[in-house]
Amino acid sequence: MGTMTVALASPEEIAKYEVVIGLEVHVQLGTNTKIFCSCPTSFGAPPNTNVCPVCLGLPGALPVMNRKAVEFGAQTAMAIHCTVNPFSRMARKNYFYPDLPKGYQISQYDQPLAEHGWLDITVQPEGAEPYKKRIGITRLHLEDDAGKNVHEGFKDTDRYSYIDLNRSGTPLSEIVSEPDMRSSDEAVAYLTELKQVIQYIGASTCDMEKGHLRADANVSVRLKGATEFGTRAEVKNLNSFRFLKQAIEYEVARQVAIVESGGKIHQETRLYNTETGETVGMRSKEQAHDYRYFPEPDLVPVRVSDEWQKELRGQLPELPFDRRTRFINDYGLREYDAQVLTLTRDLSDYYELAARSSEDPKATANWVMGDLLGALKAEGKEIADSPIKPEHIGELATLIKKGEISGKLAKEIFPKMFAEGLAPSFIMERDGLKQISDTGAIEKIIDEVLTGNPKQVEQYKSGKTAVIGFLVGQVMKASRGQANPATVNELLKSKLG
């Protein structure tokens, strides 16, 4: 569809408008087989090999609902506070597309799996204070995915498109939000929280590079104070947080410029060009009646009984928002630290085990977020592959708190823990890295340092007390960092005084 070329609006013009955003998020559910047949959903198979008469749409082939897809969909709905409907129905959504061999998509229309939910998000705008907001969720429904048009890897893609139907029939849940977001930051925060929740419950890997999580953004603008929504444009298939933010911001600037110049926004579907950073018109936006929805005659309705719902709810883990709140309350963490430590379920499980075995959960959090994640990143490893057991990180923080090792000694011990997978107490004893708190042993070192640095001793006695820092450093150096710094300070002041 043709679009008028416009200059983008200035920040001053944009400031006069309120942005209204709703997201439609497609999640590939983590089943082993497709939603209506037994073909595998594995990624990376040779083109058109994970297919059968059902997902090829051959005449006479009959679909059968994948029970696990319903369970993943229902559990996702529960995790985002939706009501799971005891009765829902699949429907045919009719449209032509080259990678849709049936000529229709099996989706849900007026009787979806779940409705009326919400998700609490924390928004962190650049250069501003973070704030919390609740985003409404209209519905969650199930559907099968289309295939894929391939435009790379062939010499003649300027003339032809190639079709890979391996993805055809993979199970999706589509999660439709209310138009409650008012900035690209809010949209990114919502998608981030949604992704976390889905990964926590194990309903999907949400691997955006493999297309397991894709978002369509419905964007419109209206003058601040206006009550009616403006005409929206839908930007399709955004597969990264960065592209979601950039596409929304470009679309806002484009729409404001059109309105400011007296033009009219067309309801249309647009694509985001990641190379130019622009959205481009794709087709006019269809209405529901264009798809000629009708109940799918080859599938029985989906019934999720109270007993089944209770069973599925009982399998849900603690969700990210609840775990963040508990980490703050139970372990005294800052909100930022709690957010980092709950980014993935594996990471939060690891920290939980470490904190439970530690006398200093806050220091334990710092070791996990800093030294451990840094060392894992340097080796390209995930937290699940950590060579250090969580209880050993907790033990390291406890040894510091008890005064058995200093922070400096801990920094010597940590790399050995990472390389050998051994407990810090074992390494401390084996390598003689225990902190010296015996005053007699420390006094002997102090006497040697004072004898060897008469100039600094004189300076201290003449009133230049800052020189004590140098003397403390010399004692720590002579003790190979093993002397207790507090004891060193106390004894030095006593002797010099």
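Refer to the preceding data block for the structure.
Reading the values: the criteria
Residues numbered from 1 in each chain as written. Predicted model: local features only at pLDDT ≥ 70, side-chain atom pairs only at ≥ 80, totals over all residues. Heavy atoms only, no water. Helix = DSSP H or I, 4+ residues; strand = E, 2+ residues; numbered from the N terminus. Rg over C-alpha atoms; globule rule 2.2 N^0.38 Å. Buried < 20%, exposed > 50% of the residue type's maximum accessible area, 1.4 Å probe, protein only. Contact = heavy atoms within 4.5 Å. Areas by Shrake-Rupley, 256 points an atom, 1.4 Å probe, with all protein chains shown as cover. Lys, Arg positive; Asp, Glu negative; His and termini not counted. Charge placed at Lys NZ, Arg CZ, Asp CG, Glu CD. 1 Å grid on protein atoms, 1.4 Å probe; cavity = no way out; pocket = protein on both sides within 12 Å on 5 of 7 lines; lining within 4 Å. Points joined across faces, edges and corners; volume = space filled by probe spheres on them. Nonpolar A, V, L, I, M, F, W, Y, C, P; charged D, E, K, R; others polar. Salt bridge = Lys/Arg side-chain N within 4 Å of Asp/Glu carboxyl O. Pairing = 2+ DSSP bridges. Right-handed = clockwise from strand over helix to strand, strands pointing away.

Draft legend 1. Representation of the overall build of the chain. Each helix and strand counted, the chain has 16 helices and 16 strands in total. A compact globule built from 497 residues should have a C-alpha radius of gyration of about 23 Å, whereas the chain, at 30 Å, is more than 25% larger. Seen through its C-alpha atoms, the chain measures out along the principal axes to roughly 95 × 55 × 50 Å. Every one of the 497 residues in the chain was classed for burial, and the buried ones make up 47%. Taking the intrachain contacts of the chain between residues at least 6 apart in sequence as the baseline, contacts between residues at least 24 apart amount to 70%. Counting only carbon and sulfur atoms, one obtains 52% of the accessible surface of the chain, whose full area is about 24300 Å². Here the chain contributes 60 positively and 69 negatively charged side chains, and the mean placements of these two sets differ by 2 Å.

Draft legend 2. Layout of the layout of surface pockets. A volume near 610 Å³ is recorded for the second largest pocket. If you trace the second largest pocket, you find 19 residues lining it, with Gln199, Leu343, Thr344, Leu347 and Glu382 closest to the centre. Among the secondary structure elements, those contributing two or more residues to the lining of the second largest pocket are helix 3 (184–201), helix 8 (345–356) and helix 9 (361–378). Ranked by residue count, the leading element in the lining of the second largest pocket is helix 3, at four residues. Considered class by class, the residues forming the lining of the second largest pocket number eight nonpolar, five polar and six charged.

Draft legend 3. Spatial organisation of the pattern of salt bridges. For the structure shown, the criterion picks out 34 salt bridges. When the shortest N-O distance is used, the salt bridge between Arg326 and Asp330 registers 3.7 Å. Taken together, the positions of Arg326 and Asp330, both in helix 6 (residues 320–331) and four residues apart, correspond to about one turn of that helix. Overlapping salt bridges, with partners in common, bring together Glu318, Arg323, Arg326, Asp330, Asp349, Glu352 and Arg356 in one network.

Draft legend 4. View of the pairing of strand 13 (residues 268–273). Where strand 12 (residues 233–238) lies against strand 13, four bridges are found, and the strand directions are parallel. Its bridge partner lying in strand 13, Lys236 is registered against Leu271. Each parallel crossover has a hand, and for strand 12 linked through helix 4 (residues 241–260) to strand 13 it is left-handed. Sheet topology places strand 13 next to strand 14 (residues 278–284); six bridges connect them, and they run antiparallel. The partner of Glu268 across the bridge, within strand 14, is Ser284. From the end of strand 13 to the start of strand 14, which pair antiparallel, there are four residues, and Gly277 there has a positive phi angle of about 75°.

Draft legend 5. Structural view of the sheet that holds strand 15 (residues 294–295). Taken in spatial order, the three strands make up an open sheet running 5-4-15, and their pairing is antiparallel. With partners counted over all chains shown, the strands left at the sheet margins are strand 5 (104–107) and strand 15, one partner each.

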